[in-house]
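Structural description and commentary
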Amino acid sequence: MAHINENFLSLKQSYLFSEVAKRVSAFSERHPEKKIIRMGIGDVTLPLVDCVIDSMHQAVEDMAKKETFHGYGPEQGYDFLRTAIQEYYQQEMGVSLNLDEIFISDGAKSDVGNITDLFSAENTVLIPDPVYPVYVDTNQMLGTKIVYLQADENNGFCPMPPEQGADLIYLCSPNNPTGAAYTRQQLKEWVDYANRYGAIILFDAAYEAFVSEQGLPRSIFEIEGAKTCAIEFCSLSKTAGFTGTRCGYTVVPKALTAKSEQEKEILLNQLWLRRQTTKFNGVSYIVQRGAAAVFTQQGKRQTRENISYYRENARMIGAALTEKGIPYFGGINSPYIWMKCPNGMDSWEFFDFLLENAAVVGTPGAGFGNNGEGFFRLTAFSDHESTAEAMERMKKIL
Ligand code: MLT
């Protein structure tokens, strides 16, 4: 009989957002009359912006004609999209990238999960707690040694390097779930630490477009020395509403190496290319055409308008919590509000309380790690009307 990968048995029974969805659908079956307001998973509600739609329509036309039809594309993405991303890094962040350092994917979640293919299970991995659950789950699947970095109110949810060394480090800034963002100086400390120990930082920049405070870095490659110690994952899901369309990108610098068992330095860019060409057949031409439109002047303007719309929701949520005297974090450089559960409730208790009494869905902090206990995450991705109504409902019961 076949044997399973035993590591799967150490995982939590279900993925956080599947558990939330299960409880919400049970509630909805019991109360079909209630209008549920969903502020749980960070899923966008505004449609794709006009120029993305136009570009995708044009791409559909291309697919309809023999001369412009596209079959399999390059596994690492079409040059028209990689060039657009290369220019975006240069113009917006002052970061120079080679085209072959950019890999197009179907979203940051896949790449963040798949990157473990490149690394040995013998590695010691630093993962903040609380954190986006994919980092922990995929490392448990591989069987690495996880060391948690304590993120809490004392360090503003931005843990700094420990005394001892490590091999891999997951950082997410602006952070999911807490909304905290590392400063340039803090990221420099991480980069210096990683270069000192030969560690690799796996930097999740999925929320970079939400940075609103001047001077905060939006890419780890804005930090000197990062190209010898970091891989960056980014996504158009939150930047441009691609949660259902699926497109992201990963930057693996050509200067980045890790050691083989024979102590040989291996280029991670080559390893990732090898992995992708074997296991991935690229993102569809139509989606990549839509994604390229995001990086045009018009695309940047239109997507910025959507982000401002979500920021207004974050402001409304913050104002309601302040009115009720409930402490919260985030919401400034991130679409997430990380609030304290009121009246000493634990986070799943508060989840049930809010669902039962206000039909509002959020995400229990404990689902992001032990340090998330006692916290609750609300997203700013609803429409204004639903956000305002959710806040009215919450204010009545808190
Ligand atoms: C979240 O709600 O944490 C994210 O939307 C999940 C994801 O991006 O996969």
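Figured I'd write up the structure that's included with this text.

How each quantity is defined
Residues numbered from 1 in each chain as written. Predicted model: local features only at pLDDT ≥ 70, side-chain atom pairs only at ≥ 80, totals over all residues. Heavy atoms only, no water. Pairing = 2+ DSSP bridges. Helix = DSSP H or I, 4+ residues; strand = E, 2+ residues; numbered from the N terminus. Right-handed = clockwise from strand over helix to strand, strands pointing away. Near = heavy atom within 4 Å. Polar contact = N/O pair within 3.5 Å; in protein donor to acceptor, adjacent residues only side chain to side chain. Areas by Shrake-Rupley, 256 points an atom, 1.4 Å probe, with all protein chains shown as cover. Nonpolar A, V, L, I, M, F, W, Y, C, P; charged D, E, K, R; others polar. Axes fitted to C-alpha atoms, helices over the stretch in contact; angles between N-to-C directions.

Describing the pairing of strand β4 (residues 145-150)
- Where strand β3 (residues 124-129) lies against β4, 6 bridges are found, and the strand directions are parallel. Looking at β4, one finds that aspartate 129 is bridged to glutamine 150.
- The parallel pair β3 and β4, bridged by helix α5 (residues 133-142), forms a crossover whose chirality is right-handed.

Focus: the site of the ligand
- Taken together, the neighbourhood of the ligand is formed by Phe17, Ile41, Gly42, Lys109, Tyr132, Asn176, Tyr207, Lys238, Tyr336 and Arg377.
- Residue glycine 42 places a main-chain N or O atom 2.6 Å away from an oxygen atom belonging to the ligand.
- Within the side chain of tyrosine 132, an N or O atom sits 2.6 Å from an oxygen atom of the ligand.
- Surface burial for the ligand is 85%, taken as the share of its 270 Å² of free accessible area covered by protein chains.
- Considered class by class, the residues forming the shell around the ligand number 5 nonpolar, 2 polar and 3 charged.

Focus on the sheet that holds strand β6 (residues 200-204)
- Pairing is mixed across the open sheet formed by 7 strands, whose spatial order is β2-β8-β7-β6-β5-β3-β4. Taken across any chain shown, the strands that pair with only one partner, and hence form the sheet edges, are β2 (102-105) and β4. Taking the axes of each pair of neighbouring strands and ignoring which way they run, one obtains an average angle of 20° across the sheet.
- One ladder, built from 4 bridges, connects strand β7 (residues 230-235) with strand β8 (residues 248-251); its direction is antiparallel. The partner of cysteine 234 across the bridge, within β8, is tyrosine 249.

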